[in-house]
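A closer look at the structure
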Amino acid sequence: RRDSSTMEESNCITNQKTVVAVVGGGLVGSLNACFFAKRGFHVEVFESRGDIRCAKKVKGRSINLALSHRGRQALKHVGIEEKIVSKGIPMHARMIHSLSGKQTPIPYGKKGQYILSIDRANLNKELLTVAEAYPNTKLNFDHKLQDWSPETGQMTFIRADGAKDQIEADLIVGCDGAFSAVRKQFLRRSRFNYSQTYIPDGYMELTMPPVNGEFAMEPNYLHIWPRNAFMMISLPNLDKTFTCTLFMPFENFEKITTGDEVIEFFQEYFPDATPLIGVDALKRDFFCLPAQAMVSVKCSPYHIGDKCVLMGDAAHAVVPFYGQGMNAGFEDCIVFDEIMNEFSEDLGAVLPEYSRVRVPDDQAIADLAMYNYIEMRAHVNSKWFLFRKHVDNF
Ligand code: FAD
């Protein structure tokens, strides 16, 4: 139901059954739109950015990410697992790079088990296209949620030209990421628990180009350079580059101020990776973008009445060291879908049950991610770690 103060036409969407507004057309929002569309609801996705499928450069939280079992299960539910998996690169093991350049593989599980390196922008584009193919789904780009009312379900969006749209929905699904605008209304309510923690580290992405048209390192691994106080990891891309991500305390990033200091630092701690990334590229790219912050958000409950529910990073942003933020967000969609079946789509019963079931599991992932932050940089060096095998995490 739409009321636009400046729009000439008024698009009426009242002749459908339940109207679901998914706020945020990122990874979780676009997948979630498919789950709701499959049920026959009228789905409207509202995304603050323009359509990334038309953009030359897509801004995001990382260039690539690891898709694992729980994420794949959710994709399977809406019939797009194979489409996405076919564009991923299997990583069967971690490859630990010691200071001397020695490489030691640590398998993720049994033979044949692996996680997949996936291009984030491409995954998001594919999911938007799949969502859009449902006749009962509409994607609204350049719609940034400004505010909404838990009483009426009315939302106010600001469009790219500054015009405002007032839209009502029966159910609002907040998939608008770690700094969720939907969540702001929750913060005004009694008995809503909320905490956020920034870790002292930032991250920076650097590209390792191909060598003679081939990957510069073994492609079917997640490469890790654990250096105790900091670490670098590297995931392969389809264009035969690797995206290297340096995780390090902000205070260390701030100490490196010249190109020569970058090279000195890399040659001391990542001597094998330095020539592969390239001295000139390192000197240039290290200063292209500042290191990015990482936040962990926990909250509960995830719903307000039968009107609104939070999913993905909006409900549980986690630090990236367990490789499970998106995967857990995808799993949110399956769990919600299962509860919808169990309670015959009665939103008044589904939403509280979703919070009851999902909050403890998502908070466990947040804790594991925080723990793996220490384990990956330090313990990954230790014999104890070498004996452990996790199939689903970094
Ligand atoms: P987002 O991806 O943040 O999407 C939110 C969307 O909402 C965006 O499109 C945004 O434009 C839109 N939006 C925001 N505000 C508004 C508004 N007011 N109105 C309308 N739209 C709005 N996870 C993994 O599973 N595996 C990994 O390997 C992995 N690696 C990572 C590496 C790094 C460096 C980082 C930082 C994260 C990583 N993650 C990984 C976590 C993963 O990126 C997130 O969990 C995932 O992006 C969450 O998806 P989301 O859709 O909930 O939120």
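Because the structure is a prediction, the values reported are computed rather than measured.

Re the overall build of the protein chain
Looking only at helices and strands, the protein chain features 13 helices and 20 strands. In terms of overall size, the protein chain behaves like a compact globule, its C-alpha atoms giving a radius of gyration of 22 Å where 394 residues would be expected to give roughly 21 Å. Taking the principal axes of the C-alpha coordinates as reference, the protein chain spans close to 65 × 45 × 40 Å. Here the protein chain holds 394 residues, and the buried ones make up 54% of them. Pairs at least 24 residues apart make up 70% of the contacts formed inside the protein chain by residues separated by at least 6 positions. Summed over all atoms, the accessible surface of the protein chain reaches about 17300 Å², with 52% contributed by carbon and sulfur. The centroid of the 44 positive side-chain charges in the protein chain is displaced by 3 Å from the centroid of its 48 negative side-chain charges.

Regarding the pattern of salt bridges
Two side chains bearing opposite charge may form a pair once their charged atoms approach each other closely. Counted under the stated rule, the structure contains 19 salt bridges. The partner of R39 in a salt bridge is D337, and the shortest N-O contact between them spans 3.1 Å. Here D337 lies in helix 11 (residues 325-342) and R39 lies in the loop between helix 1 (27-38) and strand 3 (42-46), a separation of 298 residues in the sequence. For the pair R39 and D337, one class covers both residues: buried. In this structure, the salt-bridge partner of D260 is K283, at a minimum N-O distance of 3.5 Å.

A closer look at the site of the ligand
Looking at the ligand, there are 31 residues lining it, with E47, A66, R120, L145 and D313 nearest. Within the backbone of L27, one N or O atom sits 3.3 Å away from an oxygen atom of the ligand. Within the backbone of S48, an N or O atom sits 3.2 Å from a nitrogen atom of the ligand. When isolated, the ligand has an accessible area of 1000 Å², and the protein chains bury 90% of it. Taken together, the elements giving at least two residues each to the shell around the ligand come down to helix 1, strand 4 (64-67), strand 10 (143-148) and helix 11. Residues belonging to the shell around the ligand are distributed by class as follows: 13 nonpolar, 11 polar and seven charged.

Considerations on the sheet that holds strand 8 (residues 115-119)
Read from one edge to the other, the open sheet built from three strands follows the order 4-8-5, with strand pairing classed as antiparallel. Each edge of the open sheet is held by one strand with a lone partner, namely strand 4 and strand 5 (89-91). Across this sheet, the average inter-strand angle for adjacent strands is 35°, counted without regard to direction. Examined bridge by bridge, strand 4 and strand 8 share four bridges and lie antiparallel to one another.

Overview of the packing of helix 1 against helix 2 (residues 69-77)
Relative to each other, helix 1 and helix 2 sit at 35°, their axes nearing to 10 Å. With respect to the hand of their crossing, helix 1 and helix 2 are arranged in left-handed fashion. Judged by residue contacts, L31, F35 and K38 of helix 1 engage A74, L75 and H77 from helix 2.

Cut-offs applied
Residues numbered from 1 in each chain as written. Predicted model: local features only at pLDDT ≥ 70, side-chain atom pairs only at ≥ 80, totals over all residues. Heavy atoms only, no water. Helix = DSSP H or I, 4+ residues; strand = E, 2+ residues; numbered from the N terminus. Rg over C-alpha atoms; globule rule 2.2 N^0.38 Å. Buried < 20%, exposed > 50% of the residue type's maximum accessible area, 1.4 Å probe, protein only. Contact = heavy atoms within 4.5 Å. Areas by Shrake-Rupley, 256 points an atom, 1.4 Å probe, with all protein chains shown as cover. Lys, Arg positive; Asp, Glu negative; His and termini not counted. Charge placed at Lys NZ, Arg CZ, Asp CG, Glu CD. Salt bridge = Lys/Arg side-chain N within 4 Å of Asp/Glu carboxyl O. Near = heavy atom within 4 Å. Polar contact = N/O pair within 3.5 Å; in protein donor to acceptor, adjacent residues only side chain to side chain. Nonpolar A, V, L, I, M, F, W, Y, C, P; charged D, E, K, R; others polar. Pairing = 2+ DSSP bridges. Axes fitted to C-alpha atoms, helices over the stretch in contact; angles between N-to-C directions. Left-handed = near helix turned anticlockwise from the far one by under 90°.

Coordinates in, geometry out; function isn't part of it.
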